[in-house]
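Given next are the chains, with one letter for each unit.
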Amino acid sequence: MPETATLPTRRDEAWRYADVDALARIGAEALDQWTEMAVPAGETHRESFIVGGDAPELRRIRLVLSAGARAELFVTNIGADYTRLEVEVTLGKGAHFEFGGITIGGGDAVREFVTTTIHAEPEATSNQTVRSVHWGTGTGNFLGEIKVARRAQKTGAAQDFKGLLLEAGASANAVPQLEIFADDVKCAHGATVGQLDESARYYMAARGLSPEETRRLLVQAFLGDALVELGDDAERERLLEAALEKLEERK
Amino acid sequence: MLNIENLHANVGDTPILKGLTLEVPAGEVHAIMGPNGAGKSTLAHVLGGKPGYEVTQGSVEFRGGDLFDLDPHERAGAGLFLGFQYPVEIPGVSNVQFLREALNSQRKYRGEEPLSGGEFLKLAKEKAGLLKMDMEMLKRQVNVGFSGGEKKRAEMVQMGILDPKFAVLDETDSGLDIDALRIVGEGINSIMRSPDKGVLLITHYQRLLDVVKPDRVSILADGRIVQTGGPELALRLEGEGYDAVMADA
Ligand SMILES: Nc1ncnc2c1ncn2[C@@H]1O[C@H](COP(=O)(O)OP(=O)(O)OP(=O)(O)O)[C@@H](O)[C@H]1O
Ligand SMILES: [Mg+2]
């Protein structure tokens, strides 16, 4: 039997945008469940998947990368209810973590990626790109915590978030959190939230594309950034297609 | 083919077009010249249906129908092409993808079969060749990183591929070097010179008109057409300027 955990509240930084009611429906037991994986020195772990359905979902992945190991994770989050993916990564010397995430959807659901990237040893790098497209009163979040240990010199860590809101009621949030104890560290962080480019829409209409076709093309271009590092063409196509199918649901 | 009658239009709350009347029959190239701020681009955007451009009075008949009954993308499907004074960049979308989808959605609007990937590429190659544009450019993102002149040339490649019935070309010559100007001018002739097509050619310079010889030339000033004549009117403007020519009228 798992021990009974207490449910977090939105006062807790990592849960500040969470749908805690949905979390209660999932049940506290889920908080104890982690998928754990160790990536041996010099090896590469690649994973790409689609999360989210009609019921709330919490998925947690813990990765430990040995020296020179590499982990690549690409995820499309299409939850119609609260869908949260947490990833905790500990990087050995010279290891690399690549994360590409998409959240997309309307309704009133919250979809979020919560990553904790621990640069424990020198010369490791991490690169995280999240794109969120929402409408209705839908929400997409990216909470990315980066911890750099004192000995982890020459760390390179980048996070890039862009939100695209198709309607006024939707929202997108990026919460970067840095905890850096080494001094030779390169951290890059960018976050913007905007709407579809009005002049591009007009230009595309002037060439004969309907508003729906225009939106699909622009959203596809927008999401592409999250998947550029995904080398497997078929997988990239599958993750993108799942997102665009979600877009079709929008009326 | 295009029949503009007493057109009044606001941009935001400001009246810009103030009773503009102009008729371009099929088979004609009609040049529009006029001082900066006269309303030439506004006319182009009103015809294109740009959001924020409000028609307050008048009518535009296009190919026998009311242009304003159509949404912007339907106007394109009906055969209207707008060459932009400032072509727009679309990051993440390649010219090939953009133009293929645009062409096929126009064809769908007209009840025609879509072109396959192969058929489209063949067409794109031919039109790029006509404008002496490298196919590699068409694989790049729409207008992203293109120089001013390259954007204008790309507009004409787009026009060649989409093969419209009527083109409104807003300062397509601006930003082009001398050789490019000739190539673009000849491109316009080869794509649009036809008994069933028409062109509204907005320009400041005679140089383009030396290549694309207009049938009629009009001066647009303060939101109206104030004078119309033959090709000699453009030559007079080049020599004497707007004030002198308009004072004479
Ligand atoms: N959004 C706007 N709000 C108010 N006025 C505007 C707006 N856009 C354009 N105008 C004004 O409308 C007038 C006509 O502009 P337009 O761009 O049609 O001129 P033009 O004849 O194309 O000039 P140019 O030769 O410089 O290209 C100008 O005075 C311009 O400042
Ligand atoms: Mg203009």
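Residues numbered from 1 in each chain as written. Chains lettered and ligands numbered in written order. Predicted model: local features only at pLDDT ≥ 70, side-chain atom pairs only at ≥ 80, totals over all residues. Heavy atoms only, no water.

Identification of chain B as Fe-S cluster assembly ATPase SufC from Erythrobacter ani is taken from an unreviewed UniProt entry.

Labelled according to an unreviewed UniProt entry, chain A appears under the name SufD family Fe-S cluster assembly protein, originating from Erythrobacter ani.

Participant: Explain the overall build of chain B to me, please; I cannot follow it from the model alone.
Facilitator: A count of helical and extended segments in chain B gives 10 helices and 12 strands. Whereas a compact globule of 249 residues would reach a radius of gyration of roughly 18 Å, chain B reaches 18 Å, a difference of no more than 12%. By its C-alpha atoms, chain B is 55 × 40 × 35 Å across when sized along the principal axes. Expressed as a percentage of the 249 residues in chain B, the buried residues total 51%. Once local pairs closer than 6 in sequence are excluded, the contacts in chain B between residues at least 24 apart make up 68%. Total accessible area on chain B is roughly 10,500 Å²; 48% of this is exposed by carbon and sulfur atoms. (Helix = DSSP H or I, 4+ residues; strand = E, 2+ residues; numbered from the N terminus. Rg over C-alpha atoms; globule rule 2.2 N^0.38 Å. Buried < 20%, exposed > 50% of the residue type's maximum accessible area, 1.4 Å probe, protein only. Contact = heavy atoms within 4.5 Å. Areas by Shrake-Rupley, 256 points an atom, 1.4 Å probe, with all protein chains shown as cover.)

Participant: Whenever I open this one, the UniProt feature "domain: SUF system FeS cluster assembly SufBD core" (unreviewed entry) in chain A confuses me. Can you help?
Facilitator: Under the UniProt annotation, "domain: SUF system FeS cluster assembly SufBD core" (unreviewed entry) lies at residues 54–222 of chain A. In the segment residues 54–222 of chain A, helix accounts for 12% and strand for 57%; the C-alpha atoms at its two ends are 25 Å apart. (UniProt positions renumbered as here; feature names shortened; annotations may be inferred.)

Participant: Would you explain a negative patch on the surface in this entry?
Facilitator: All names here are of chain B. Residues Glu5, Glu23, Glu61, Asp66 and Asp69 make up a contiguous surface patch of negative charge. For Asp69, the location among the structural elements is in the loop between β5 (65–66) and α2 (72–77). Look at Asp69 and you get exposed, because its relative accessible area is 61%. (Patch = residues over 30% accessible without salt bridge, like charges linked within 9 Å, V, L, I, M, F, W, Y side chains within 5 Å. Salt bridge = Lys/Arg side-chain N within 4 Å of Asp/Glu carboxyl O. Lys, Arg positive; Asp, Glu negative; His and termini not counted. Charge placed at Lys NZ, Arg CZ, Asp CG, Glu CD.)

Participant: How should the layout of surface pockets be read in this particular structure?
Facilitator: The rolling of a water-molecule-sized probe over the atoms marks out the regions of remaining empty space. When its volume is computed, the largest pocket comes out at roughly 380 Å³. For the largest pocket, the lining is made up of 19 residues, of which Leu164, Asp197, Leu218 and Phe222 of chain A together with Pro91 of chain B are closest to its centre. Classifying every residue of the lining of the largest pocket gives 9 nonpolar, 5 polar and 5 charged. Here the second largest pocket defines a volume of roughly 280 Å³. Lining the second largest pocket are 13 residues, with Gln220, Gly224, Arg236 and Leu240 of chain A together with Gly92 of chain B positioned closest to its centre. Elements represented by at least two residues in the lining of the second largest pocket include exactly α3 (211–227) and α4 (233–248) of chain A. Top element by residues in the lining of the second largest pocket is α3 of chain A. It accounts for 6 residues. Looking at side-chain class alone, the lining of the second largest pocket contains 5 nonpolar, 4 polar and 4 charged residues. (1 Å grid on protein atoms, 1.4 Å probe; cavity = no way out; pocket = protein on both sides within 12 Å on 5 of 7 lines; lining within 4 Å. Points joined across faces, edges and corners; volume = space filled by probe spheres on them. Nonpolar A, V, L, I, M, F, W, Y, C, P; charged D, E, K, R; others polar.)

Participant: Even after reading the chapter, I still don't get the UniProt feature "domain: ABC transporter" (unreviewed entry) in chain B, so can you show me in this structure?
Facilitator: Summarizing the sequence annotation, UniProt attributes the feature "domain: ABC transporter" (unreviewed entry) to residues 2–247 of chain B in the numbering used throughout. The distance separating the terminal C-alpha atoms of residues 2–247 of chain B is 29 Å; by composition the span is 41% helix and 29% strand.

Participant: Whenever I open this one, the sheet that holds strand β5 (residues 83–91) of chain A confuses me. Can you help?
Facilitator: What holds strands together in a sheet is hydrogen bonding between their backbones, with the strands either parallel or antiparallel. Residue and element names in this part refer to chain A. A sheet is described by the order of its strands in space; here 6 strands give the open sequence β1-β3-β5-β7-β9-β11, paired in parallel fashion. The open sheet has two edge strands with one neighbour each: β1 (35–39) and β11 (171–180). Averaged over all neighbouring strand pairs, the angle between strand axes comes to 10°, with direction disregarded. As defined by bridge partners, strand β3 (residues 57–65) adjoins β5 across 9 bridges and the pair is classed as parallel. Across the sheet, residue Leu58 finds its bridge partner in β5, namely Arg84. (Pairing = 2+ DSSP bridges. Axes fitted to C-alpha atoms, helices over the stretch in contact; angles between N-to-C directions.)

Participant: Sorry if this is basic, but what is going on with the pairing of strand β7 (residues 110–119) of chain A here?
Facilitator: A regular strand places its side chains so that they alternate between the two faces of the sheet. Residue and element names in this part refer to chain A. Judged by how many residues are buried, β7 sits mostly within the fold: 9 of 10 residues are covered. Across 9 bridges, β5 lies against β7 in parallel orientation. Considered in β7, the bridge of Thr90 is made with Ile118.

Participant: Got a minute to help me understand the packing of α3 of chain A against helix α3 (residues 95–109) of chain B in this structure?
Facilitator: Any two packed helices are characterised by how steeply their axes cross, that is the angle between the axes, and by the distance between the axes. Their axes nearest at 12 Å, the elements α3 of chain A and α3 of chain B cross at an angle of 165°. In terms of orientation, α3 of chain A lies roughly antiparallel with respect to α3 of chain B. Crossing geometry of α3 of chain A relative to α3 of chain B is assigned as right-handed. Along the contact surface, α3 of chain A presents Glu213, Leu217 and Gln220 of chain A, while α3 of chain B presents Gln97, Glu101, Ser105 and Lys108 of chain B. Along the lines of polarity and charge, the residues of the contact of α3 of chain A with α3 of chain B split into 1 nonpolar, 3 polar and 3 charged. (Parallel < 35°, antiparallel > 145°, perpendicular 65-115°, else oblique. Left-handed = near helix turned anticlockwise from the far one by under 90°.)

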